[in-house]
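Coordinate analysis (summary)
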Amino acid sequence: LICIVILHAILRDKLPPEARGKADIDIPEDSTIRDVIVKLDLPPGCLCAVNEQIEKNFDTRVKDGDVLRFFRASSGGNS
Amino acid sequence: MKMAPCWTGSILHVDLTKKQVEIEHPSPEFYRKYGGGSGMGMYYILQEMPPKVDAFSPENVLTLFIGPLTGLPISGNARLSANARSPAGGAIGDSQVGGYFPAYMKFAGFDGIVVKGRATEPVYLYLNNSKAELRDASHLWGKPTADVDEILKQEIGDQNLEVLQCGPAGENLVRFAAIMTMANRACGRTGMGAVMGSKRLKAVVAHGDYKVGAADMATITKWAKWAVKALPDFVDLNTIAVYGSAGTIGSQNATGTFPTHNFSQGQFTEFENLTGERMTDTILKRRDTCYACIIRCKRVVETEYLNRKVLSVYGGPEYETVSALGSYCEVGELNAVALGNQLCNMYGLDTISTGSNIAFAMECFENGLLTTQDTDGIELRFGNAHAMLEMIERIALRKGFGNVLAEGSNRAAQKIGGNASDFLTTVKGTEAPAHMPQAKKTLSIIYAVNPFGADHQSHEMDPIFEEGSTFDKAINRLAQHGFHQIQPAGSLNDEKVRFTYFTELYYSGLDSYNLCQYPFGPFWNLYAADETIEILQAATGWDVTIEEYIKVGERRLNMMRAYNMREGFDRSNDILPKKFYKPLVGTGPTAGVFMDESQLEQNKDYYYELAGFDIATGNPTSEKLEELGLDWIDLYSHTSCDITRQVTT
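Summary of the structure given here. This one's a predicted model, so the numbers in the text were calculated from it and none came from an experiment.

Some details on the overall build of chain B
Along its length, chain B carries 24 helices and 18 strands. Once the C-alpha set of chain B is aligned to its principal axes, its extents read approximately 65 × 60 × 55 Å. In chain B, buried positions account for 68% of the 649 residues. Looking at chain B alone, contacts between residues at least 24 apart form 69% of all its contacts between residues at least 6 apart. About 19,600 Å² of surface is accessible on chain B, with carbon and sulfur atoms providing 48% of the total. Chain B carries 59 positive and 77 negative side-chain charges, and their two centres are separated by 4 Å.

Put into structure tokens, the structure is as follows:
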């Protein structure tokens, strides 16, 4: 199945630069969010939104055409 | 005790009324007790400022202090703290800035500056090789910040000097005016630039040859070199390095914590136009840094909007700026935000309060409390980038309706009337930064109790202590400080309050030792407690411990609350604006979420108990001050209050 992954900020480095953090990836049927994380070699502590809804259960199966957005929780920022 | 080689040992006292400068050489014990930064600044404010002076009175005392590491070759050293009574809400003011000025101030031979009085004509303070003098600044008055920087370098004949200044907004006493360095770094919060302007102190110029020492330079060098290799392993810090603080926008929006439509909702439909990634892909010219820092988080952009060029000299927008001028106002054009950032930097305005004031006025406009007759013909509606930009200039120059907003949104709400106060985001007169207490629950406590109002850099936010968003390195560091049980996402309980108070003290330590909160911090940062203590020991030669570090932070916090108590503040001022108690609208995981007022009051009880404050009043106790060696503070000599209560409701 094909899903769309969007990687925010430094996670973008897991895709080729020309992808600018967005790519269609081909994964086996019955793949879970956790499988996608492993495939992309994302670091621990990432959060995921599936079709713009936060999904905390990484054992959730990915469906064809799903948009998976990966990001890190943010803590603060200088002004 | 020997004096630490990282300090110059000299503190400058400036009386602008008498046109006098004096140099004090405090004891090593003084330096060790107060740490530096706003810890030291608060000491002088409590010692030298009479009670009940107006923020724009000559008697207000403005302090500018650096830290023990400032000027040493290690990341995160280059910070300066400014403190004075805040013109925004009458409580204590506090703000930090980076760049090169902090190091250059030490190279000029000074650890801190205490300014009182008011000059009859504009002056600037010239610092060089342990000498200080006041010089005429009439020719600099009214000029944009970058022009002032360049004029001073030309006339002094040294491109290698640094300038700290208030811009035209500070001269015009805009209550949220910033102090600027490099024309693109802001001591933004709580109106310290307006205090500087009220004193007619246009600028401080620093350069010199003082060599900052360390008791053990090899250890400083060891940790500086280590950071170069280690940074890529610190994923969150590396995001800020590569994509700037706006690199967090994707995360903020996905979690419903990207303040939008004047804090009414947590997602912005046009967020992808504003991300740090988009900035990097489009208008970023280069990354910039502060003195000796390898992180290079600062942005330098070039673009244009509405036929106006955005120049590299004014840097580029941070996360807070993108939010305040962007999502708060529902402006989804990055070039417009970049131009707004430039305008704020050239006039010397706090971008957070500027954007907040405009978003507040937009909500008033859309609710019929303002019309174009009030707003100089400007359609002050959400999404109107042109209106946002026009209002920045009007605020800075106090033109037309800008003169109303230049007073800050609390005072503007009183003038506008009706239910305008429903649209405020202020605590103690300071507009909230771009982090949502409705979702990151511990922020509700900090926004309420922080002595200088709503602030995002006064504790560690929730995700690091929550299931699903923390990670192994942070979990180990949490355990080191006694936090063994990671909490459920979105929770607020006694353990979270304990976490809030501990991290508040830790961050208060950072602002006393004046360490940048990116490389230094308790959990996700390069230098956590063990490394920080080793580095402080190496710089000072003193056997500093983590307990001593935390005590320094606690001392600063108690001095600030004692100041506020003296000015009539108490628990009744530790409150959130009504807006935060209403359900968020819009989309995403925070739609419908709100703060519970009664729960916050319960949390405050426990917070005051942990802090050793009086639970009924929220004020420091004599016993606590004695424990901290602050028994020289007279808590009960002046406790009446007038205007401060009016502006904090």
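Some remarks on the packing of helix α12 (residues 334-347) of chain B against helix α14 (residues 385-396) of chain B
All names here are of chain B. Where α12 contacts α14, the axes come no closer than 10 Å and their chain directions differ by 0°. On the basis of their axis angle, the class for α12 and α14 is roughly parallel. In contact with A336, L339, G340, L343, C344 and Y347 of α12, α14 contributes A385, M388, L389, I392, E393 and A396. Here the residues of the contact of α12 with α14 are counted per class, giving ten nonpolar, one polar and one charged.

As for the sheet that holds strand β10 (residues 179-181) of chain B
Residues and elements named next belong to chain B. Strand order in the open sheet formed by six strands is β8-β7-β12-β9-β10-β11, and the pairing between neighbours is mixed. Two strands lie at the open edges of the sheet, namely β8 (131-136) and β11 (185-187), each paired on one side alone. Averaged over all pairs of adjacent strands, the angle between strand axes in this sheet comes to 20°, irrespective of strand direction.

What about the packing of aromatic side chains?
Geometrically, a pair of aromatic rings is defined through the distance of the ring centres and the angle of the planes. Residue and element names in this part refer to chain B. Considering all chains together, one arrives at 33 aromatic pairs over all chains under this definition. Seen from their ring centres, F30 and Y44 are 5.8 Å apart, and the 65° between their planes marks the pair as edge-to-face. Residue F30 is located in helix α1 (residues 28-34), and its partner Y44 is located in helix α2 (residues 37-48); the two are separated by 14 residues in the primary sequence. Exposure class is identical for F30 and Y44. Each is buried. Among the aromatic residues, those joined into a ring-pair cluster are W7, F30, Y31, Y34, Y43, Y44, F65 and W632. The aromatic ring of W7 is capped on one face by K106, whose charged end is 4.8 Å from the ring centroid.

Description of the interface of chain B and chain A
In this complex, chain B contributes 39 residues to the contact, which on the side of chain A involves 23 residues. When the buried area of chain B at its contact with chain A is split by residue, V235, Y243 and D281 of chain B rank highest and sum to 16% of it. Summed over the shared surface of chain B and chain A, the result is four salt bridges. The shortest N-O distance in the salt bridge between E272 of chain B and R69 of chain A comes to 3.3 Å. Across the contact surface, chain B and chain A share eight residue pairs in polar contact (both at pLDDT 80 or more). Of the residues forming the side of chain B that touches chain A, the biggest block, six residues, is contributed by helix α8 (residues 235-243) of chain B. Considering only residue class, the side of chain B that touches chain A consists of 14 nonpolar, 15 polar and ten charged.

What about unusual backbone geometry?
The bulk of non-glycine residues show a negative phi, and the bulk of peptide bonds are trans. Residue A183 of chain B is not a glycine yet carries a positive backbone phi of 65°. Positionally, A183 of chain B belongs in the loop between β10 and β11.

A short note on the layout of surface pockets
It is the rolling of a water-molecule-sized probe over the atoms that shows where space remains empty. Here the largest pocket is characterised by a volume of approximately 730 Å³. Looking at the largest pocket, it is lined by 35 residues, and the ones nearest its centre are L47 and K56 of chain A together with T255, S469 and A489 of chain B. Mapped by element, the contributors of at least two residues to the lining of the largest pocket are α1 (33-40) and β3 (46-50) of chain A together with α9 (249-254) and α18 (472-480) of chain B. At three residues, β3 of chain A tops the list of elements feeding residues into the lining of the largest pocket. Estimates place the volume of the second largest pocket at around 290 Å³. Around the second largest pocket, the lining is made up of 18 residues, and of these D149, K153, M182, N184 and V313 of chain B lie nearest the centre. Looking at the lining of the second largest pocket, the elements that each hand over two or more residues are α4 (145-156) and β13 (284-288) of chain B. A per-element tally of the lining of the second largest pocket places α4 of chain B first, with four residues. Residue composition of the lining of the second largest pocket, grouped by class: eight nonpolar, four polar and six charged.

Some words on the nonpolar core
Counting residues in hydrophobic clusters, the biggest one holds 207 residues, and the most contacted among them are I113, L127, V204, L349 and F360 of chain B. Apart from residues no more than four positions distant in its own chain, I113 of chain B is found in contact with L12, V14, L62, T63, L64, F65, M105, L125, L127 and V204 of chain B. Formed by 25 residues, the second largest nonpolar core is a distinct cluster that contains L7, A9 and I27 of chain A together with V235 of chain B.

Notes on the pairing of β8 of chain B
Relative to β8 of chain B, strand β7 (residues 123-128) of chain B runs antiparallel, the two sharing six bridges. Opposite Y124 of chain B, over in β8 of chain B, you have R135 of chain B as the bridge partner.

Cut-offs applied
- Along each chain, residue indices are assigned from 1 in the same order as the chain's sequence is written.
- Note on labels: chains are lettered from A, ligands numbered from 1, in written order.
- Under the rules for a predicted model, residues below a pLDDT of 70 receive no local features and side-chain atom pairs below 80 are neither given nor counted, while totals for whole chains, interfaces and linings still include all residues.
- Derived side-chain values reflect all non-hydrogen atoms in the structure, with water molecules and hydrogen atoms excluded from consideration.
- Only DSSP runs of H or I with at least four residues qualify as helices, and only runs of E with at least two residues qualify as strands; both kinds are numbered from the N terminus onward.
- Each residue gets one of three labels from its accessible area relative to the maximum for its type: buried under 20%, exposed over 50%, partly exposed in between, using a 1.4 Å probe on protein chains only.
- When checking whether two residues touch, look at their non-hydrogen atoms; a contact exists if any pair is within 4.5 Å.
- The accessible surface values rely on the Shrake-Rupley method and a 1.4 Å probe; as for residues, cover is taken only from the protein chains in view.
- His is not counted here, nor are the chain ends, while Lys and Arg score as positive and Asp and Glu score as negative.
- By convention, the point assigned to a charge is CZ for Arg, NZ for Lys, CD for Glu and CG for Asp.
- Every axis in this analysis is a line fitted to C-alpha atoms, fitted for helices over the stretch in contact. Angles between the N-to-C directions lie between 0 and 180 degrees.
- Orientation categories follow fixed angle ranges, with anything under 35 degrees roughly parallel, anything over 145 roughly antiparallel, 65 to 115 roughly perpendicular, and all other angles oblique.
- Note that Gly is not counted as nonpolar here; it falls among the polar residues with everything else outside the nonpolar set of Ala, Val, Leu, Ile, Met, Phe, Trp, Tyr, Cys and Pro and the charged set of Asp, Glu, Lys and Arg.
- Any two strands with at least two DSSP-identified bridges between them are counted as paired.
- Here is the rule: rings of Phe, Tyr and Trp (six-membered ring for Trp) pair when centre to centre is within 6.5 Å. Planes less than 30 degrees apart are stacked, more than 60 are edge-to-face, and the remainder are tilted.
- In this scheme, the term charge over a ring applies when either NZ of a lysine or CZ of an arginine sits within 6 Å of the ring centre and within 35 degrees of the ring normal.
- Put simply, buried area is the surface a 1.4 Å probe can reach on two separate parts but cannot reach once they are joined, added for both.
- Definition used for salt bridges: Asp or Glu carboxyl oxygen within 4 Å of a side-chain nitrogen of Lys or Arg.
- We define a polar contact as two N or O atoms separated by no more than 3.5 Å, with the added condition that, inside protein, one atom must be a possible hydrogen donor and the other a possible acceptor, whereas residues neighbouring each other in sequence contribute only through side-chain atom pairs.
- Of the grid points, spaced at 1 Å and generated over the protein atoms alone, those admitting a 1.4 Å probe that cannot get out make up cavities, while open sets with protein on both sides within 12 Å along at least five of seven lines make up pockets; any residue with an atom within 4 Å of a point is treated as lining.
- Grid points are joined across faces, edges and corners, and a volume is the space filled by probe spheres set on the points.
- Nonpolar core, defined: a set of buried Ala, Val, Leu, Ile, Met, Phe, Trp, Tyr and Cys residues in which side-chain atoms within 4.5 Å join the residues together.

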